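Single-letter residue listing:
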Amino acid sequence: MPAPRSLADDLRSRDDEALTDLLVGRPDLAAPVPGDTASLAARASTRVSTQRAVDRLTTPQLQVLEALVALAGPSAQPVALPALVRACAAPRARVLPHLRRLVALALVWGPDGALRPVRTAADVLGPTPAGLGATLREALGTRSPARVRELAEDLGVAPAGDPVADLDAVAALLSDPDRLRALLEGAPPASRELLDRLTWGPPTGAVAGADRAVRTAEAGTPLEWLLARGMLAAAGPGHVVLPREVAVALRGGAVLARLDDEPPPLAPAAGAPAPTAAAARRPSLVDGAAAGQAAEAARLVESLLTAWSAAPPPVLRAGGLGVRELKRLADRLEVDGEQAAFWAELARAAGLVGDDGEADAAWAPTPASDEWLELAVPARWAVLAGAWLRTSRVPGLVGEKDARGAARTALSDDLDRTSAAPVRRAVLEALATLEPGSAAAEEALLERVRWQAPRRAGALAPRLVGWALREGAWLGVLGLGALAEHGRALLDTPGSAAGDPAGVLAGLLPAPVEQVLLQADLTAVAPGPLVRPVAVELALVADVDSRGGATVYRFTPASVRRAMDVGRSAEDVLAFLRDASATPVPQALEVLVRDVARRHGRLRVGVASSYLRSDDEAALAEVLTARAAAPLRLRRLAPTVAAAQADPATVLEVLRAMGLAPAVEGGDGDVVVRAPAARRTPQRQVPRPVTGEPPAPSAAQVAAVVAGLRTGDTEAVRRAAEADERGEPPALTATDPASALAALRDAASAGRAVWVGMSDAAGRLTVRQLSPVAVDGGLVTALDAESGQVRTMSVHRISGVALA
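Note that the structure is predicted; figures quoted are calculated from it, not measured. (Residues numbered from 1 in each chain as written. Predicted model: local features only at pLDDT ≥ 70, side-chain atom pairs only at ≥ 80, totals over all residues. Heavy atoms only, no water.)

A.B. asks: What's the story with the sheet that holds strand β5 (residues 239-241) in this structure? I'm lost.
C.D. replies: With antiparallel pairing, 3 strands are arranged side by side in an open sheet as β3-β5-β4. A single partner strand is all that each edge strand has here, and the edge strands are β3 (204-206) and β4 (233-234). (Pairing = 2+ DSSP bridges. Helix = DSSP H or I, 4+ residues; strand = E, 2+ residues; numbered from the N terminus.)

A.B. asks: Sorry if this is basic, but what is going on with the layout of surface pockets here?
C.D. replies: A probe matching the size of a water molecule, rolled over the atoms, marks out where space remains unfilled. A volume near 1,100 Å³ is recorded for the second largest pocket. Looking at the second largest pocket, it is lined by 33 residues, and the ones nearest its centre are R56, P422, R456, T691 and E693. For the lining of the second largest pocket, the elements supplying multiple residues, two or more each, are α4 (47-55), α20 (377-390), α21 (420-432), α22 (442-452) and α23 (454-457). For the lining of the second largest pocket, the element with the highest residue contribution is α21, accounting for 6 residues. The class makeup of the residues in the lining of the second largest pocket is 17 nonpolar, 7 polar and 9 charged. (1 Å grid on protein atoms, 1.4 Å probe; cavity = no way out; pocket = protein on both sides within 12 Å on 5 of 7 lines; lining within 4 Å. Points joined across faces, edges and corners; volume = space filled by probe spheres on them. Nonpolar A, V, L, I, M, F, W, Y, C, P; charged D, E, K, R; others polar.)

A.B. asks: How should I be thinking about the pattern of salt bridges in this particular structure?
C.D. replies: Where side chains of opposite charge bring their charged atoms close, a pairing between them can arise. According to the stated counting rule, one finds 41 salt bridges in the structure shown. Its salt-bridge partner being D21, residue R101 comes within 3.3 Å of it at the nearest N-O pair. In this pair, R101 is assigned in helix α7 (residues 92-104) and D21 in helix α2 (residues 16-25), connecting sequence segments 80 residues apart. Classification of R101 by relative accessible area gives partly exposed; the value is 28%. E429 serves as the salt-bridge partner of R425, at 3.5 Å between the closest nitrogen and oxygen. (Salt bridge = Lys/Arg side-chain N within 4 Å of Asp/Glu carboxyl O. Buried < 20%, exposed > 50% of the residue type's maximum accessible area, 1.4 Å probe, protein only.)

A.B. asks: Please clarify how the packing of aromatic side chains should be interpreted in this entry.
C.D. replies: What describes a pair of aromatic rings is the distance from one ring centre to the other and the angle between the planes of the rings. Applying the stated criterion across every chain, the model contains 2 aromatic pairs. Between F342 and W474, the ring centres sit 5.5 Å apart and the planes meet at 55°, which makes this aromatic pair tilted. Note that F342 is positioned in helix α18 (residues 337-349) and W474 in helix α24 (residues 461-475), a separation of 132 residues in sequence. Cluster of aromatic residues (ring-pair linked, three or more members): F342, W343 and W474. Across the ring face of W372, the terminal group of R380 is positioned such that the distance to the ring centre comes to 5.0 Å. (Phe/Tyr/Trp six-rings, centres within 6.5 Å; stacked < 30°, edge-to-face > 60°. Lys NZ or Arg CZ within 6 Å of the ring centre and 35° of its normal.)

Keep in mind these numbers describe shape, not what the thing actually does.
See the structure below:
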């Protein structure tokens, strides 16, 4: 089979499995669906798509690509595999796996004897791949022909009279390690020290008067000695650069100092136990600690939903949750502000809360929260943990200043970071490689994350790693710094109960209990997690006093009154306690319930502005004379009735603060039972993580795209043959500007002619055969085969491109 002349030819020769691997590895290539492999190659060669692919490379893959780009030069010349292996300073067997992955991702194409990077790879990697500067032709090409000739003469090269030929001869001399070594034998020690500092990058240095003309006979300083011999070149009036060929020769013919194909070791965390017999129990300790925190995570989110269901906090005009509302949530959950922001963000990421969309918008539970509340605790946790693993939200940024100097708020739009989810998963996957129960130092995890995705991690990586560890501990994915068994199941790692984190967690948590232990000191002890019906009813009639292995509830007049405010009678409360208790109802508790029931409703609040009514004149008189009731400005209308200049809600609040148990009555005089309002948003979609990429296609979609590519290639060949028979140019499929530019650059590099569809000033579409000469800044310069003239056109006038 002949060697491919372009990336399109290379892709066309690949089998369906290879194309499937490409589309899975680079999902952006499948959206929108390319018409044929030529369109696929053009899209794969665009800068945006290339950058996405490069950002996902591991350190050794990136190193091999940098070495190839450095050897191929600006024009992406072919590089033989032996030369690439030598440049990587590693055996062939260590280089090949990473090279094959680059080929599979269409970042490199061609046979082993002529490997080429896609042209946009050099743009993405920047001007100094592997710490190397510009090539000699680029670095010295700004010199005048006379200065190029003088340089050749000073190096003992006979000038050819052609500046390009002279530059090539100088490059050949300086890139030869033996000849360069001979030149350096007579170099001043300071000149050699200067080269040593630039050899492994960065390849530039700041020097005054760097562009001055210097001959070897006139060189008086170590810098001038190097400039006169072309070992350094001016990169401007104040900077010098070490040419790429010289640097490679100084590196002994290698581009890389070493190939970092082994992941950094994960050093144990500070304080981790030594591998003794006692440490063998550590996995069970880790799992137990993490399981307990997982149950607590589900409880905290449930508490958040309960609070926001009754009193949804407003959405700020700029979006997000106000500082005071966040503080109120932190007090309700009994956590600090950082954790409160995390639980709010997690509830939103799981689709449990959202903006209700009203004119006075508020954050409220969604209909999905009701379904979540019906789940068992392990299933609830699995929903939360899955959302945390996928979300791009970074709650740790809450409170920090943005670019405008304003503080970021929880639930605002400024908390998404595309690297958050990949770094979070990378941290957990690194911990999953350790033995169960083992933890790793945060610094070691950071190094592993940077090795796995050096370009994606970015400057925020150290903080993202720290946040991943803290949030994982809060959520119960980690315990004592190590990955718990249900955390491994969440990752679907080998050796775990893959795909069933809820099932694993259920085996670690105690079974829910249906009864509590009532005690004479007006408390109830729940020896384990309660079944939901009992937990809901008990939370209505009692307050949580303490949590731990067992939860202690305390009965107070206020908590019992809370149950009666929603319609429970004394007999209802006592019947529930008898059924839900494994011990008899203490007399003190029964007295408390009946006493609150007796006093409940003695005062009644209705709407006039509002009024108080009581059959007990003494009770009403007591309220009228109380100083605490002064804000209500009460006025007696009758022996058993008083009017208030405040709304009923305020009257109720003041009277309850006085230790009374008022009830609301309607216009007919009956007590109004008001259950707590359950605010819900309309149906909301679960927020999609911000990844900067289109969603990954399914296996069926990938198979359909591959089949479409084959059909498109067949159809393109047929159309070209028919057009050739008629003596007409082929019909071209529509091409977006980025793909058109990539195809034209490849054609210019390979010296191939292409069919180009373009529109003229009047909007008429024509198809011409062109040979691209230069593609730069959105303009294409090409030789027109029909007229023999050189044409320059804007890429936006081009509607389609196909190889001739």
